[in-house]
Amino acid sequence: MSELASLSKLKSKIENLRIKANKAKGVSEQIEDQLQNDWGCESVDVAKKLLVTIKKDAKVLRDKFEVKLKEFKSKYSEELSDA
């Protein structure tokens, strides 16, 4: 393959990578806009921290629910078994 053909092929690859990079940047900007609009997060890092907090809060609430459900079943076991 001639040097000119190699350079032309390399130029084409570079242009394709440039297009892909621009698309990825656009998608990233859209995601950041959506995070800002939906959750008030200014960056992906802030969103990750919020997600950790939400997961912890959900676990606490789930645990509280399970305790209350057990208390309910224990308190009303007779009524539940009659139904």
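Just so we're clear, the structure is a prediction, and the values are computed from it rather than from any experiment.

Considerations on the overall build of the protein
Counting its regular elements, the protein contains three helices and zero strands. Taken from the N to the C terminus, the helices and strands of the protein come in the order α-α-α. Taking 2.2 N^0.38 as the reference for a compact globule, 83 residues should give roughly 12 Å; the C-alpha atoms of the protein span a radius of gyration of 28 Å, well beyond that estimate. Projected onto the principal axes, the alpha-carbon positions of the protein cover approximately 90 × 30 × 20 Å. Looking at the protein as a whole, 4% of its 83 residues qualify as buried. Split by element, the accessible area of the protein, about 7,900 Å² in all, is 58% carbon and sulfur.

Side note on the confidence of the model for the protein
With 98% of its residues at a pLDDT of 70 or more, the protein has an overall mean of 93. Across the protein, the secondary-structure element scoring lowest on mean pLDDT is helix 3 (residues 77–82), at 80, and the one scoring highest is helix 2 (residues 44–75), at 96.

Regarding the pattern of salt bridges
One pass over the structure, following the stated rule, counts three salt bridges. For the salt bridge of R18 with E15, the shortest nitrogen-to-oxygen distance reads 3.3 Å. Of this pair, R18 and E15 both sit in helix 1 (residues 3–39), three residues apart, which is roughly one turn of the helix. You can call E15 partly exposed: its relative accessible area is 37%. One salt bridge connects E71 with K68, and the closest N-O pair in it is separated by 3.7 Å. With a gap of three residues between them, E71 and K68 both fall in helix 2, about one helical turn apart. The exposure class of K68 is exposed, given its relative accessible area of 54%.

Some points on the packing of aromatic side chains
The full count for this structure, using the stated rule, is one aromatic pair. Plain terms: the ring middles of F72 and Y76 are 5.0 Å apart, the flat faces sit at 45° to each other, and that makes the pair tilted. Exposure remark for F72: the relative accessible area of 42% places this residue in the partly exposed category. Here Y76 falls in the partly exposed class, since its relative accessible area comes to 32%.

So, a nonpolar patch on the surface
Side chains of F65, L69, F72, Y76 and L80 sit close together on the surface and give an oily, nonpolar patch of about 470 Å² of accessible area. The biggest single contributor to the nonpolar patch is helix 2, with three residues. Secondary-structure assignment places Y76 in the loop between helix 2 and helix 3.

Parameters at a glance
- Residues numbered from 1 in each chain as written.
- Predicted model: local features only at pLDDT ≥ 70, side-chain atom pairs only at ≥ 80, totals over all residues.
- Heavy atoms only, no water.
- Helix = DSSP H or I, 4+ residues; strand = E, 2+ residues; numbered from the N terminus.
- Rg over C-alpha atoms; globule rule 2.2 N^0.38 Å.
- Buried < 20%, exposed > 50% of the residue type's maximum accessible area, 1.4 Å probe, protein only.
- Areas by Shrake-Rupley, 256 points an atom, 1.4 Å probe, with all protein chains shown as cover.
- pLDDT = per-residue confidence, 0-100.
- Salt bridge = Lys/Arg side-chain N within 4 Å of Asp/Glu carboxyl O.
- Phe/Tyr/Trp six-rings, centres within 6.5 Å; stacked < 30°, edge-to-face > 60°.
- Patch = residues over 30% accessible without salt bridge, like charges linked within 9 Å, V, L, I, M, F, W, Y side chains within 5 Å.

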